[in-house]
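Observations on the model geometry
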Amino acid sequence: VQLVESGGGLVQAGGSLRLSCAVSGRTFSNDHMGWFRQAPGKERDFVAAISWSGGSTDYADSVKGRFTISRDNAKNAVYLQMNSLKPEDTAVYYCATDFGRWSSLSRVKDEYTYWGQGTQVTVSS
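Parameters and conventions
- Residues numbered from 1 in each chain as written.
- Predicted model: local features only at pLDDT ≥ 70, side-chain atom pairs only at ≥ 80, totals over all residues.
- Heavy atoms only, no water.
- Salt bridge = Lys/Arg side-chain N within 4 Å of Asp/Glu carboxyl O.
- Helix = DSSP H or I, 4+ residues; strand = E, 2+ residues; numbered from the N terminus.
- Patch = residues over 30% accessible without salt bridge, like charges linked within 9 Å, V, L, I, M, F, W, Y side chains within 5 Å.
- Areas by Shrake-Rupley, 256 points an atom, 1.4 Å probe, with all protein chains shown as cover.
- Buried < 20%, exposed > 50% of the residue type's maximum accessible area, 1.4 Å probe, protein only.
- Core = buried A, V, L, I, M, F, W, Y, C linked by side-chain atoms within 4.5 Å.
- Contact = heavy atoms within 4.5 Å.
- Disulfide = S-S within 2.5 Å.

**Some points on the pattern of salt bridges**
Evaluation of the coordinates by the stated rule reveals six salt bridges. The salt bridge partner of Arg 37 is Asp 89, with a shortest N-O separation of 2.9 Å. Of the two residues, Arg 37 sits in strand E4 (residues 33-38) while Asp 89 sits in the loop between strand E8 (77-82) and strand E9 (91-97), which places them 52 residues apart along the sequence. A salt bridge links Asp 89 to Arg 66; its shortest N-O distance comes to 2.7 Å. Of this pair, Asp 89 sits in the loop between E8 and E9 while Arg 66 is found in the loop between strand E6 (57-59) and strand E7 (67-72), placing the two residues 23 residues apart along the sequence.

Okay, structure coming up:
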């Protein structure tokens, strides 16, 4: 199983970025997917999650209303549209799959089985 994130970069505060995560090596459409982020010296924190069908989503309070998670099962991809970016959004962003283990969306990183290598997002003030 391989997850590859892309789309990170440097953006000014107030700007937007769209992250992508390509999944290969398994039937992606059965998995709930999550996005997490880790700033230097901090824990890896939950950002957003989406159910296998795309019908349910969950967001951390810090990003609600600014970020949107989506998926395309035909393309084995999950996305994170990030708008109104703030300097505190600066982090390495990771996508992860629960490998179809759980019936509900999770905010707990230990409940995700496979992870990508991460993509750096830097928001300047």
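Read on, since the account is not over.
**Observations regarding a nonpolar patch on the surface**
Side chains of Val 1, Phe 99 and Tyr 114 sit close together on the surface and give an oily, nonpolar patch of about 230 Å² of accessible area. By the element assignment, Phe 99 lies in the loop between E9 and strand E10 (114-115). Take Phe 99: its relative accessible area is 30%, and that puts it in the partly exposed class.

**Observations concerning the nonpolar core**
Trp 35, Leu 80, Met 82 and Tyr 93 are the most contacted members of the largest nonpolar core, which totals 31 residues. Here the element with the most residues in this core is strand E5 (residues 44-50); it accounts for five residues. Those residues within four positions of Met 82 in sequence are excluded, and the remaining contacts are Gly 15, Ser 16, Leu 17, Leu 19, Arg 66, Phe 67, Tyr 93 and Val 121.

**Considerations on the state of the cysteines**
A covalent bond between the sulfur atoms of two cysteines is referred to as a disulfide. Summed over the entire model, instances satisfying the criterion amount to one disulfide. A disulfide bridge connects Cys 21 with Cys 95, and the sulfur atoms are separated by 1.9 Å. Judged by the sign of its S-S torsion, about 55°, the cystine formed by Cys 21 and Cys 95 is right-handed. Residue Cys 21 is found in strand E3 (residues 17-24), and its partner Cys 95 is found in strand E9; the two are separated by 74 residues along the sequence. Judged by relative accessible area, Cys 21 falls into the buried class, the value being 1%.

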